[in-house]
Amino acid sequence: MLTLKHTNLLKTQCLVGLDSEGSDTNELNDGGWVSADSGETIKVTNPFNGETIATVPILSREQVLDAVGVSKKVQPIWANKTADERSALLSKWADLIDAHKEDLARIMTAEQGKPLKESRGEMDYANSYIRWFSAEAKRIYGDTIPAKNSNERIVVLKQPVGVCAAITPWNFPAAMITRKVAPALAAGCTMIVKPASETPLTALALGELALQAGIPKGVLQIVTGKSKVLGEVLTGDERIQKLTFTGSTEVGRTLMAQCADTIKKLSMELGGNAPFIVFEDADLEAAAEGLIAAKYRNAGQTCICANRIYVHRDIKEKFVDIYVKQVAELKVGNGMEEGTDLGPLINQEAVDKAKDLLQSSMEAGATLNAGGRPHEAGDLCCEPPGITDVTQNRDIANTEIFAPITAIMTFDDEADVIQRANDTIFGLAAYFYTNDLARSWRVCEALEYGMVGQNTGAISNAAAPFGGVKQSGFGREGSKYGIEDYVVTKYWCQKIG
């Protein structure tokens with residue numbers, strides 16, 4: 001059980017209704033906290049030990065519709081604030097997040113399982129988007145365009161799209177929210193967030209801090225409940241002008257179809273199948289370190305996680321030897337314990353999927369080089385498996401693994417590996433290691449991905465545009481491009497004489 005003495009912020013939440021003992025739980029709405037009409041709740045459990053740490057309400061359709069009404073009412077008031085005013089409030093929110101960083105990290109680890117050092121890192125990363133867009137609020141520029149006639153003026157305005165909704169995943173409970181909320185609020189939009197049922201507490205804590213920062217009631221609302229009910233409202237209500245989603249490609253397709261009737265503006269950050277290419281001239285120690293960073297962050301449960309590892313045949317044995325030794329030093333266990341590198345997977349379904357992928361690969365001739373056994377630390381923990389001799393046509397090379405399994409394949413030449421790397425419906429992130437400048441340009445330009453990392457396994461940055469191509473989605477989060485998804489372009493023609 002996550003005790004209140006460990007997290008002052010969760011204590012604050014409990015005082016306004018978030019009850020870690022399992023009684024009625026309240027919800028942020030119009031600046032207050034409301035229980036579900038039915039009294040029904042969802043249990044939030046610690047994936048490491050299965051303990052219930054809190055409950056959150058299952059809101060009714062009518063309650064979610066009420067939340068949309070609040071957002072619609074408040075949006076023009078928020079939009080009419082100056083850019084400086086919105087910027088200042090976002091900065092205050094960021095300051096409070098920094099002040100409560102340790103509390104937030106412990107809440108996140110308790111509900112999601114990732115190691116504390118990763119949760120702390122995620123809070124810094126999440127907050128970097130709030131700080132970035134607090135500044136971008138003052139840089140939403142329009143244009144003046146030379147007119148054909150001397151008595152006309154052409155002006156282009158950028159205005160907030162209106163009421164927005166976000167559906168966010170469990171793997172990054174803070175960052176996936178702030179990457180969407182911060183640009184929306186900076187642009188003058190209101191936002192309704194539906195966090196994953198596995199990890200709603202971080203979202204609720206962020207909502208409470210937004211209120212404490214002085215962000216007006218109703219500008220940011222957090223709704224919890226059944227995905228089908230919430231999803232139908234957030235995609236079908238015509239008062240919502242924009243939907244942003246991070247999750248699987250399969251769910252993304254469904255949400256896009258549901259939004260069709262109301263022609264919403266959409267941004268989708270969907271599934272990935274990231275290639276990680278190690279050329280023969282690479283620094284192998286650095287490549288191994290980069291692969292660990294790209295593969296094992298959040299126990300492999302990331303959309304930009306290295307999924308298919310391509311190593312040049314000439315260096316395969318040497319690279320695998322270096323990599324296996326580095327992996328052996330990783331500590332698996334309770335995320336709440338300092339020094340833990342790998343926490344549990346999110347649930348038993350994720351463990352079963354990983355087992356099936358590993359077993360089918362072994363049956364097809366793959367070689368187990370490391371790990372692969374359950375870990376004594378907990379039922380959802382495992383010794384990170386590393387396998388070689390994987391073939392391109394196996395499930396493990398064509399599925400988003402979302403587990404700490406390293407699947408290594410070999411290649412002989414640049415053209416071959418580029419073709420294989422691009423042989424997927426996904427196009428989110430790709431990585432490659434080489435010190436050849438000419439090859440760097442060729443490979444980067446040839447890879448069909450929205451993001452490419454060279455000689456690094458860590459590419460996320462608030463100043464950079466995050467997003468994919470092909471069936472990994474569209475739209476960008478972060479950078480100067482990220483706010484464009486929350487504004488509309490208005491052309492104004494003036495006749496002045």
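This is a predicted model, so every value here is computed, not measured.

Quick notes on the rules
- Residues numbered from 1 in each chain as written.
- Predicted model: local features only at pLDDT ≥ 70, side-chain atom pairs only at ≥ 80, totals over all residues.
- Heavy atoms only, no water.
- Pairing = 2+ DSSP bridges.
- Helix = DSSP H or I, 4+ residues; strand = E, 2+ residues; numbered from the N terminus.
- Axes fitted to C-alpha atoms, helices over the stretch in contact; angles between N-to-C directions.
- Parallel < 35°, antiparallel > 145°, perpendicular 65-115°, else oblique.
- Left-handed = near helix turned anticlockwise from the far one by under 90°.
- Contact = heavy atoms within 4.5 Å.
- Salt bridge = Lys/Arg side-chain N within 4 Å of Asp/Glu carboxyl O.
- Buried < 20%, exposed > 50% of the residue type's maximum accessible area, 1.4 Å probe, protein only.
- 1 Å grid on protein atoms, 1.4 Å probe; cavity = no way out; pocket = protein on both sides within 12 Å on 5 of 7 lines; lining within 4 Å.
- Points joined across faces, edges and corners; volume = space filled by probe spheres on them.
- Nonpolar A, V, L, I, M, F, W, Y, C, P; charged D, E, K, R; others polar.
- Disulfide = S-S within 2.5 Å.
- Phe/Tyr/Trp six-rings, centres within 6.5 Å; stacked < 30°, edge-to-face > 60°.
- Lys NZ or Arg CZ within 6 Å of the ring centre and 35° of its normal.

Draft legend 1. Representation of the sheet that holds strand 13 (residues 306-312) in the model. With respect to topology, 7 strands assemble into an open sheet ordered 14-15-16-13-12-17-18, the strand pairing being mixed. Edge positions in the sheet fall to strand 14 (367-370) and strand 18 (451-454), since each has one partner strand and no second. Put simply, the sheet's adjacent strands are angled 25 degrees from each other on average, direction ignored. Direction of pairing for strand 14 relative to strand 15 (residues 386-388): antiparallel, over a ladder of 3 bridges.

Draft legend 2. Seen up close, the packing of helix 13 (residues 414-422) against helix 14 (residues 437-446). Between helix 13 and helix 14, whose axes approach to 10 Å, the crossing angle comes to 25 degrees. If you check the angle between helix 13 and helix 14, you find them roughly parallel. For the pair helix 13 and helix 14, the crossing hand works out as right-handed. Here Glu414, Ile418 and Asn422 of helix 13 come into contact with helix 14, specifically with Arg439, Arg442, Val443 and Ala446.

Draft legend 3. Spatial organisation of the pattern of salt bridges. A full pass over the atoms with the stated rule returns 26 salt bridges. Note that glutamate 136 is salt-bridged to arginine 139, the shortest N-O span being 3.0 Å. Given the relative accessible area of 38%, arginine 139 is considered partly exposed. Note that aspartate 389 and lysine 316 form a salt bridge whose closest N and O atoms lie 3.1 Å from each other. Of this pair, aspartate 389 sits in the loop between strand 15 and strand 16 (406-411) while lysine 316 is found in helix 11 (residues 316-327), placing the two residues 73 residues apart along the sequence.

Draft legend 4. Representation of the sheet that holds strand 20 (residues 487-495). Taken in spatial order, the 3 strands make up an open sheet running 5-6-20, and their pairing is antiparallel. The open sheet is flanked by strand 5 (143-145) and strand 20, the only strands paired with a single partner. In this sheet, adjacent strand axes meet at a mean angle of 25 degrees when their direction is disregarded. Two strands pair when backbone bridges link them, and strand 5 and strand 6 (residues 152-160) are joined in this way by 3 bridges, in the antiparallel orientation. Looking at strand 6, one finds that aspartate 143 is bridged to valine 156.

Draft legend 5. Inspection of the layout of surface pockets at higher detail. Considered as a void within the structure, the largest pocket measures approximately 1200 Å³ in volume. If you trace the largest pocket, you find 43 residues lining it, with Trp170, Phe245, Gly247, Ser248 and Val251 closest to the centre. Top element by residues in the lining of the largest pocket is helix 9 (residues 249-259). It accounts for 7 residues. Of the residues assigned to the lining of the largest pocket, the class counts are 17 nonpolar, 16 polar and 10 charged. Within this model, the second largest pocket holds a volume of roughly 310 Å³. What lines the second largest pocket is a set of 19 residues, and nearest its centre among them are Tyr125, Phe172, Arg297, Ile304 and Ser460.

Draft legend 6. Representation of unusual backbone geometry in the model. One non-glycine residue with positive phi stands out, namely alanine 299, at about 55 degrees. With respect to the helices and strands, the residue alanine 299 is situated in the loop between helix 10 (284-296) and strand 13. Given the relative accessible area of 4%, alanine 299 is considered buried. The backbone of lysine 470 shows a phi angle near 55 degrees, a positive value even though the residue is not glycine. For lysine 470, a relative accessible area of 37% translates into the label partly exposed.

Draft legend 7. Representation of the state of the cysteines in the model. Per the stated rule, a full pass over the model turns up 0 disulfides. Not part of a disulfide, cysteine 305 finds its nearest cysteine sulfur in cysteine 303, a span of 9.4 Å. Looking at cysteine 305, the relative accessible area reads 3%, which means it is buried. The thiol sulfur of cysteine 382 is not disulfide-bonded, and the nearest other cysteine sulfur, from cysteine 381, lies at 7.7 Å. On the accessibility criterion, cysteine 382 (23% relative accessible area) is partly exposed.

Draft legend 8. Looking closely at the packing of aromatic side chains. Following the criterion strictly, the structure yields 7 aromatic pairs and no others. Look at phenylalanine 276 and tyrosine 431: their rings are 5.9 Å apart centre to centre, the planes differ by 35 degrees, and that puts the pair in the tilted class. Of this pair, phenylalanine 276 sits in strand 12 (residues 274-278) while tyrosine 431 sits in strand 17 (residues 429-433); the two residues are 155 residues apart in sequence, bridging distant segments of the chain. Each member of the aromatic cluster is reached from another via a ring pair, and the members are Phe276, Tyr431 and Tyr433. Against the face of phenylalanine 466 rests arginine 179, its NZ or CZ located 3.9 Å from the ring centre. For lysine 242, the ring lying beneath its charged end belongs to tyrosine 486, and the centroid distance is 4.5 Å.

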